[in-house]
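The lines below spell out each chain.
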Amino acid sequence: MFMNIFVILFLPTLLFLGSWQVIRGLEKQDIWERYSLNQSLTPINISNITKNFQEEFSYRTVYIKGKYSGDSMKLDNRVYRQIKGYEVFTPFESEDGRSYLVNRGWINKERDLKDLPKNNTIQIEGIYTPFNRSGLSLKEKDNREGLVFQEISLKDVMDLYPELEIDNSLIQLNASSHGALEPTWSPSFFKAQRHWAYAAQWYGLFIVLLIGYIVYGNKRGKELG
């Protein structure tokens, strides 16, 4: 009886977990294929993209002419090469009046974040991505170092900079652009192969449990017979 209940509970669970990893793998494969395709295209002026995030331009390299504006925000708990640090985000206002949040990259916690000139008109280049972070938690405010957050969401960024009309896209700054720090961004943390490896493990456990149950049932049948 116990074996029956155990199998009834765990077989569907293992099947679900394996299928979920396959679906996640397909999603990641689509993201990386789109990234590879759009990165092979010529960079475009972001003014050619209509206001608000446009999916067809995701992961395309864009350039913007304008200036940095507003204090930088630091996303806490970002580990790079086993060193604790921050990801730094700074608003950038384009010449046509549109504003974007720019991910300038990673910085060591022990390193001072230098102020950027706010009045100089410059051109920056970066990867155009969706702004999909959620939940903002204010941990500390320091006028010298900017704001430190646990997470960043578009809504709260707009609340922080009411004078700027922040676009719902995020620019991942290229290493050669003014104000760039250590670039650590990638389209996703895992590639499709990692998810499919996990799926194979779950399906493998499913098969082992199923075979074990069949063997157990046959053995019990012989004992009772």
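Definitions and limits used
Residues numbered from 1 in each chain as written. Predicted model: local features only at pLDDT ≥ 70, side-chain atom pairs only at ≥ 80, totals over all residues. Heavy atoms only, no water. Helix = DSSP H or I, 4+ residues; strand = E, 2+ residues; numbered from the N terminus. Buried < 20%, exposed > 50% of the residue type's maximum accessible area, 1.4 Å probe, protein only. Contact = heavy atoms within 4.5 Å. Areas by Shrake-Rupley, 256 points an atom, 1.4 Å probe, with all protein chains shown as cover. Core = buried A, V, L, I, M, F, W, Y, C linked by side-chain atoms within 4.5 Å. Phe/Tyr/Trp six-rings, centres within 6.5 Å; stacked < 30°, edge-to-face > 60°. Salt bridge = Lys/Arg side-chain N within 4 Å of Asp/Glu carboxyl O. Patch = residues over 30% accessible without salt bridge, like charges linked within 9 Å, V, L, I, M, F, W, Y side chains within 5 Å. pLDDT = per-residue confidence, 0-100.

## Let's talk about the overall build of the protein
Assigned secondary structure in the protein consists of three helices and nine strands. Starting at the N terminus and ending at the C terminus, the protein contains elements arranged as α-β-β-β-β-β-β-β-β-α-β-α. Each of the 225 residues in the protein was classed as buried or not, and the buried ones make up 39%. Nonlocal contacts in the protein, meaning residues at least 24 apart in sequence, comprise 67% of its contacts between residues at least 6 apart. Put simply, the protein shows about 13500 Å² of open surface, and 54% of that area lies on carbon and sulfur atoms.

## Comments concerning the nonpolar core
Across soluble globular proteins, nonpolar side chains show a tendency to be buried alongside one another. Grouped together as the largest cluster of nonpolar side chains are 16 residues, with contacts concentrated most on I46, I124 and I171. When contributions to this core are tallied by element, the ones reaching two or more residues are β2 (60–68), β5 (99–108), β6 (122–130) and β9 (166–173). If near-sequence neighbours (up to four positions away) are discounted, I124 is found in contact with V62, Y63, I64, Y68, F92, V102, L173, S177 and H178. With 14 residues, the next largest nonpolar core counts M73, L154, Y161 and I166 among its residues.

## Concerning the environment of Y59
For Y59, the location among the structural elements is in the loop between β1 (44–45) and β2. As a C-alpha pair, Y59 and L37 span 22 residues in sequence and 8.7 Å in three-dimensional space. If near-sequence neighbours (up to four positions away) are discounted, Y59 is found in contact with I31, R34, Y35, N38, Q39, I127, Y128, T129, W185 and P187.

## Section: the environment of S177
Note that S177 resides in the loop between β9 and α3 (192–224). Taking the C-alpha atoms as reference points, S177 and I124, 53 residues apart in sequence, are found 5.2 Å from one another. Apart from residues lying up to four places away in sequence, S177 is in contact with I124 and E125.

## Describing the packing of aromatic side chains
What the rule picks out here adds up to six aromatic pairs. Between Y35 and Y59, the ring centres sit 6.1 Å apart and the planes meet at 75°, which makes this aromatic pair edge-to-face. Taken together, the positions of Y35 in helix α1 (residues 2–39) and Y59 in the loop between β1 and β2 put the pair 24 residues apart, joining distant regions of the chain. Taken together, the ring pairs connect W32, Y35, Y59 and W185 into an aromatic cluster.

## Details of the pattern of salt bridges
Counted by the stated rule, this structure contains five salt bridges. Two residues, R34 and D30, come together in a salt bridge whose shortest N-O distance is 2.9 Å. Highlighted residues: R34 and D30, both in helix α1, separated by four residues, approximately one helical turn. Of the residues examined, D30 reaches a relative accessible area of 40% and is grouped as partly exposed. The partner of E55 in a salt bridge is R34, and the shortest N-O contact between them spans 2.6 Å. Highlighted residues: E55 in the loop between β1 and β2 and R34 in helix α1, separated in sequence by 21 residues. For E55, a relative accessible area of 44% gives the class partly exposed. Through salt bridges with shared partners, a single network forms among D30, R34 and E55.

## Things to note about a nonpolar patch on the surface
A cluster of nonpolar side chains, namely I5, L9 and F10, defines an oily patch on the protein surface of about 280 Å² accessible area. Tracing the sequence through the fold places I5 in helix α1. Its relative accessible area of 41% is what places I5 among the partly exposed residues.

## Regarding the confidence of the model for the protein
On average, residues of the protein score 82 in pLDDT, and 88% of them are at 70 or above. Taken element by element, the protein is modelled with least confidence in strand β7 (residues 138–142), mean pLDDT 44, and with most confidence in β2, mean pLDDT 94.

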